[in-house]
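In case you want the letters, here they are:
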Amino acid sequence: MKFPGKRKSKHYFPVNARDPLIQPVQPEAETGASWVVGIDQTLVDIEAKVDDEFITRYGLSRGHSLVIEDDVAEALYAELMRDNLITHQFAGGTIGNTLHNYSSLADDRSVLLGTMCNNIQIGGYAYRYLCNTSSRTDLNYLQGVDGAIGRCFTLIGDSGERTFAISPGMMNQLRPENIPEAVIEGASALVLTSYLVRCKPGEPMPAATMQAIEYAHRHHVPVVLTLGTKYVIADNPGFWRDFLRDHVAIVAMNEEEAEALTGISDPLQACDKVLEWVDLVLCTAGPSGLFMASYTEESAKRKTNHPLLPGVIAEFNQYEFSRAQRRQDCQQPLRIYSHIAPYMGGPEKIMNTNGAGDGALAALLHDITANDYHRLNVPNSIKHARRYLTYSSLAQVCKYANRVSYQVLNQHSPRLTRGLPEREDSLEEAYWER
Ligand SMILES: Nc1ncnc2c1ncn2[C@@H]1O[C@H](COP(=O)(O)OP(=O)(O)OP(=O)(O)O)[C@@H](O)[C@H]1O
Ligand SMILES: O=c1[nH]cnc2c1ncn2[C@@H]1O[C@H](CO)[C@@H](O)[C@H]1O
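Residues numbered from 1 in each chain as written. Chains lettered and ligands numbered in written order. Predicted model: local features only at pLDDT ≥ 70, side-chain atom pairs only at ≥ 80, totals over all residues. Heavy atoms only, no water.

Visitor: Got a minute to help me understand the overall build of the chain in this structure?
Guide: Across its full length, the chain holds 13 helices and 16 strands. In terms of overall size, the chain behaves like a compact globule, its C-alpha atoms giving a radius of gyration of 21 Å where 434 residues would be expected to give roughly 22 Å. Seen through its principal axes, the chain has C-alpha atoms that stretch 65 × 45 × 40 Å. Within the chain, the fraction of its 434 residues that count as buried is 56%. A sequence separation of at least 24 residues applies to 76% of the contacts in the chain between residues at least 6 apart. Counting only carbon and sulfur atoms, one obtains 49% of the accessible surface of the chain, whose full area is about 18,700 Å². With 41 positive and 52 negative side-chain charges, the chain shows a separation of 6 Å between the mean positions of the two kinds. (Helix = DSSP H or I, 4+ residues; strand = E, 2+ residues; numbered from the N terminus. Rg over C-alpha atoms; globule rule 2.2 N^0.38 Å. Buried < 20%, exposed > 50% of the residue type's maximum accessible area, 1.4 Å probe, protein only. Contact = heavy atoms within 4.5 Å. Areas by Shrake-Rupley, 256 points an atom, 1.4 Å probe, with all protein chains shown as cover. Lys, Arg positive; Asp, Glu negative; His and termini not counted. Charge placed at Lys NZ, Arg CZ, Asp CG, Glu CD.)

Visitor: It is not clear to me how the pairing of strand β5 (residues 110-113) should be interpreted in this structure. Could you clarify?
Guide: On any regular strand, side chains alternate: one points to one face of the sheet, the next to the other face. What you see with β5 is no split at all: Ser-110 and Leu-112 on one side and Val-111 and Leu-113 on the other are buried throughout. Pairing of strand β1 (residues 36-39) with β5, which is carried by four bridges, proceeds in the parallel orientation. Across the sheet, residue Val-36 finds its bridge partner in β5, namely Ser-110. By the bridge criterion, two bridges tie β5 to strand β7 (residues 137-138) in an arrangement that is parallel. (Pairing = 2+ DSSP bridges.)

Visitor: Looking at this structure, I do not really get a nonpolar patch on the surface. What am I missing?
Guide: A cluster of nonpolar residues, Ile-120, Ile-122 and Tyr-127, forms a patch on the protein surface that exposes about 300 Å² of accessible area. By the secondary structure assignment, Ile-122 is in the loop between β6 (115-117) and α4 (125-131). (Patch = residues over 30% accessible without salt bridge, like charges linked within 9 Å, V, L, I, M, F, W, Y side chains within 5 Å. Salt bridge = Lys/Arg side-chain N within 4 Å of Asp/Glu carboxyl O.)

Visitor: Whenever I open this one, the site of ligand 2 confuses me. Can you help?
Guide: Near ligand 2, the surroundings consist of 17 residues, among which Gln-41, Asp-45, Gly-93, Arg-198 and Asp-358 are the closest. If you list the elements that add at least two residues to the shell around ligand 2, you get β2 (43-49), α3 (94-106) and β10 (162-167). Of the residues belonging to the shell around ligand 2, the class tally is six nonpolar, seven polar and four charged. (Near = heavy atom within 4 Å. Nonpolar A, V, L, I, M, F, W, Y, C, P; charged D, E, K, R; others polar.)

Visitor: How do you make sense of the UniProt feature "binding site: GMP" (unreviewed entry) in the chain when you look at a structure like this?
Guide: As recorded in UniProt, the feature "binding site: GMP" (unreviewed entry) lies at Asp-40, Gln-41, Thr-42, Leu-43, Val-44, Asp-45, Gly-93, Thr-94, Ile-95, Gly-96, Asn-97 and Arg-198. Checked against the element boundaries, Thr-42 lands in the loop between β1 and β2. Relative accessible area serves as the criterion here: at 0%, Thr-42 is assigned to the buried category. If we ignore the near neighbours within four places in the chain, the residues touching Thr-42 are Leu-112, Thr-115, Met-116, Tyr-129, Ile-149, Gly-150 and Met-171. (UniProt positions renumbered as here; feature names shortened; annotations may be inferred.)

Visitor: Help me understand unusual backbone geometry, please; the structure alone is not making it clear to me.
Guide: For residues that are not glycine, phi is negative in most cases, and the peptide bond is trans in most cases. With a phi close to 55°, His-220 is a non-glycine residue in the positive phi region. Inspection of the secondary structure assignment puts His-220 in the loop between α6 (205-218) and β12 (223-226). The exposed category is assigned to His-220, whose relative accessible area is 67%. Phi is positive for Glu-315, close to 50°, though the residue is something other than glycine. Note that Glu-315 resides in the loop between β15 (290-297) and β16 (333-340).

Visitor: Teacher, can you tell me more about the sheet that holds strand β3 (residues 65-67) here?
Guide: Either a parallel or an antiparallel arrangement is found when strands of a sheet pair, and the pairing is made through backbone hydrogen bonds. Pairing in this open sheet of five strands is mixed, and the strands run β3-β10-β9-β2-β4 from one edge to the other. In the strand order of this sheet, the two ends are held by β3 and β4 (86-91), each with one partner. Strand-to-strand twist in this sheet, taken as the mean axis angle between neighbours without regard to direction, amounts to 20°. Sheet topology places β2 next to strand β9 (residues 150-156); seven bridges connect them, and they run parallel. Along β9, the bridge assignment pairs Ala-48 with Leu-155. (Axes fitted to C-alpha atoms, helices over the stretch in contact; angles between N-to-C directions.)

Visitor: Explain the packing of α6 against helix α8 (residues 237-247) to me, please; I cannot follow it from the model alone.
Guide: Two quantities define a packed helix pair, namely the angle between the helix axes and the distance between the axes. Closest axis-to-axis distance for the α6/α8 pair is 11 Å, and the angle between their directions is 35°. The segment α6 lies against α8, with Met-210, Ile-213 and His-217 engaging Phe-243, Asp-246 and His-247. In the contact of α6 with α8, the residues fall into three nonpolar, two polar and one charged.

Visitor: Can you help me understand helix α12 (residues 394-409) in this one?
Guide: Because an α-helix packs 3.6 residues into every turn, residues spaced three or four apart end up facing the same way. Spanning 16 residues, α12 covers 22 Å between terminal C-alpha atoms, matching the ideal 22 Å at 1.5 Å per step. When you tally the buried positions in α12, you get 16 out of 16 residues, the bulk of the element. (Expected span 1.5 Å × (residues − 1).)

Visitor: What should I look at first to understand the sheet that holds β1 in this one?
Guide: In space, the nine strands of this open sheet follow the order β7-β5-β1-β11-β12-β13-β14-β15-β16, with mixed pairing throughout. Two strands lie at the open edges of the sheet, namely β7 and β16, each paired on one side alone. Sheet analysis places β1 next to strand β11 (residues 189-193), joined by three bridges and oriented parallel. Note that in β11 the partner of Gly-38 across the bridge is Val-191.

Visitor: Please explain the UniProt feature "domain: Carbohydrate kinase PfkB" (unreviewed entry) in the chain as it appears in this structure.
Guide: The feature "domain: Carbohydrate kinase PfkB" (unreviewed entry), as given by UniProt, occupies residues 148-294 in the numbering adopted here. Secondary structure content for residues 148-294 is 35% helix and 25% strand, while the C-alpha to C-alpha distance between its ends is 40 Å.

Visitor: Sorry if this is basic, but what is going on with the site of ligand 1 here?
Guide: By nearness alone, 20 residues border ligand 1, and Arg-162, Thr-284, Gly-286, Gly-355 and Gly-357 come closest of all. At a separation of 2.6 Å, an oxygen atom of ligand 1 approaches a polar side-chain atom of Arg-162. In the environment of ligand 1, an oxygen atom lies 3.4 Å from a nitrogen or oxygen atom belonging to the backbone of Ala-356. Protein contact buries 85% of the 630 Å² of open area that ligand 1 shows by itself. (Polar contact = N/O pair within 3.5 Å; in protein donor to acceptor, adjacent residues only side chain to side chain.)

As C-alpha cells, then:
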C-alpha cells in the first residue's frame with residue numbers, strides 16, 4: 001500500500017523510516033491485506049466525434065447514457081467505421097475505471113467482479129479491456145460468458161458534450177452465485193454504480209448486485225455507490241433515495257445527479273440533504289470544484305485553519321480538519337463539510353472530462369483503504385482510538401481527490417496511465433503553499 005500523500009503531520013504513518021517502537025509492517029502477502037472490490041458492466045469505450053444530427057438520428061439524447069439494441073449498435077458502428085470517426089478506444093465502465101485508478105494510486109489490489117469472454121481474441125474488445133487494466137486489479141473472479149462484453153459508444157458532440165450509447169453484449173449476465181463472499185468480507189469497501197440495475201427483465205446483474213450488498217452488510221463493509229448520470233436517477237429519484245438509506249454508506253455524484261436525487265441545485269445543500277441517508281458524500285461540481293460532507297464525533301472535531309467559507313450553511317468548512325466517521329460509530333454525530341476549487345484552477349486545456357469524477361472517487365477509496373491498512377498494522381495507534389472511515393481529514397481527502405481529477409482531465413483516457421508523480425506526494429509542499 002502506497003500511502004495517500006506524505007504528510008508532515010505527527011499522525012503521519014511512516015512508510016519509509018522504520019520506527020522501532022511500532023510493530024514492524026509484515027511483508028505483503030501476494031493477495032495483500034487491504035483491498036476494495038467492485039462490480040461493473042465490463043465495457044470498452046469507443047470514442048468518436050459526431051455532429052448533433054448523428055445523435056438525434058440514432059434516437060440518442062445528448063448528455064445521456066442510453067442502452068441501444070444490437071441492430072442499432074451495428075448500424076451506428078458501421079457508420080462510425082465508414083466515415084472514419086473513431087478517435088480512441090479504451091477500457092471503460094465507471095467501476096472498472098475507478099478500480100483501475102485506485103490500483104494505480106495505491107499500488108495495491110482491487111478486485112473486479114463482472115463478466116468476461118471465455119474466448120478472447122488478440123486485438124478484440126475483451127483483449128483490449130484486459131490489456132488496459134492495471135496489473136494490480138485482480139480479474140480472477142470474473143465470470144466467463146460465451147459472447148461479447150459491452151461497448152460504450154462515447155460520442156463527442158459539437159459542443160464537446162459526451163453522449164453514451166451502450167451496446168450491452170453479455171455485460172449484465174453476472175449471476176449471484178459468482179459473487180465471492182470471502183472477497184467482500186475482507187474488503188475495505190464494495191463499490192457499485194446505479195447503472196447496474198439498468199438491465200432487461202430476467203438479466204441476473206441486479207440480483208448479483210443485491211447479493212454482494214447482502215454480504216457487505218453481513219460483514220460490515222461500507223457500500224459505495226456512484227450515481228452514473230442524472231437521467232438514471234431522474235427516472236426514479238424515490239427509488240434511489242430509499243436505496244441509499246437502506247444499503248449505502250458512501251455516495252459519489254456530480255452536482256446534476258445530486259439535483260436529480262434531492263431536487264436541490266445548490267451542491268452543498270444537496271450534500272447536506274444526502275447525509276440524511278448516508279455517512280459520507282463526495283459531490284464533484286465541474287469548474288466549481290468539489291464538496292465533501294460526512295459525520296464526526298462531536299468531541300473529536302477539529303477546527304480548520306483555512307479561511308471560513310460562506311454558503312447555504314454559514315462557515316460550513318469550520319470542522320473540515322476532522323476525520324470522517326459513519327454516523328452509527330458516533331455517540332454525538334456532528335456534520336462536517338469541505339470544499340475545494342479545481343486544482344491549479346483546472347488544466348489550461350481540458351482533454352476530456354470523461355472519468356474525472358471516477359478519479360476523485362478512486363482517491364477517496366485509497367484514503368479509506370489506507371485507514372484499514374494502518375489499523376491492521378498499527379492497531380493501537382491513537383488514530384484508531386475511535387472507529388474512523390478515512391485516514392485523513394475531509395479537507396485532505398478533498399485535496400487528493402481534486403488532484404486526481406486534474407490528472408484525468410489532463411489526459412485523454414478516463415483511466416490514469418500512471419500514479420501521481422512522486423515529487424508531489426506531499427501536496428502541501430509541492431503546490432499548495434506556493
Ligand atoms: N471545466 C473545469 N474546469 C476545472 N476543473 C474541472 C472542470 N471540470 C471538471 N473539473 C474538475 O474535475 C472534477 C470532477 O469533474 P466533474 O464534476 O465534471 O465530474 P463528473 O461529471 O462526475 O465526471 P465523470 O462522470 O465523467 O467521471 C471537479 O471536481 C473539478 O475538480
Ligand atoms: O451503463 C453504463 N455502465 C457502466 N459504465 C458506464 C455506463 N455508461 C457509461 N459508462 C462509463 O462511464 C465512464 C465515465 O464515467 C465511461 O468510461 C463509460 O464507460
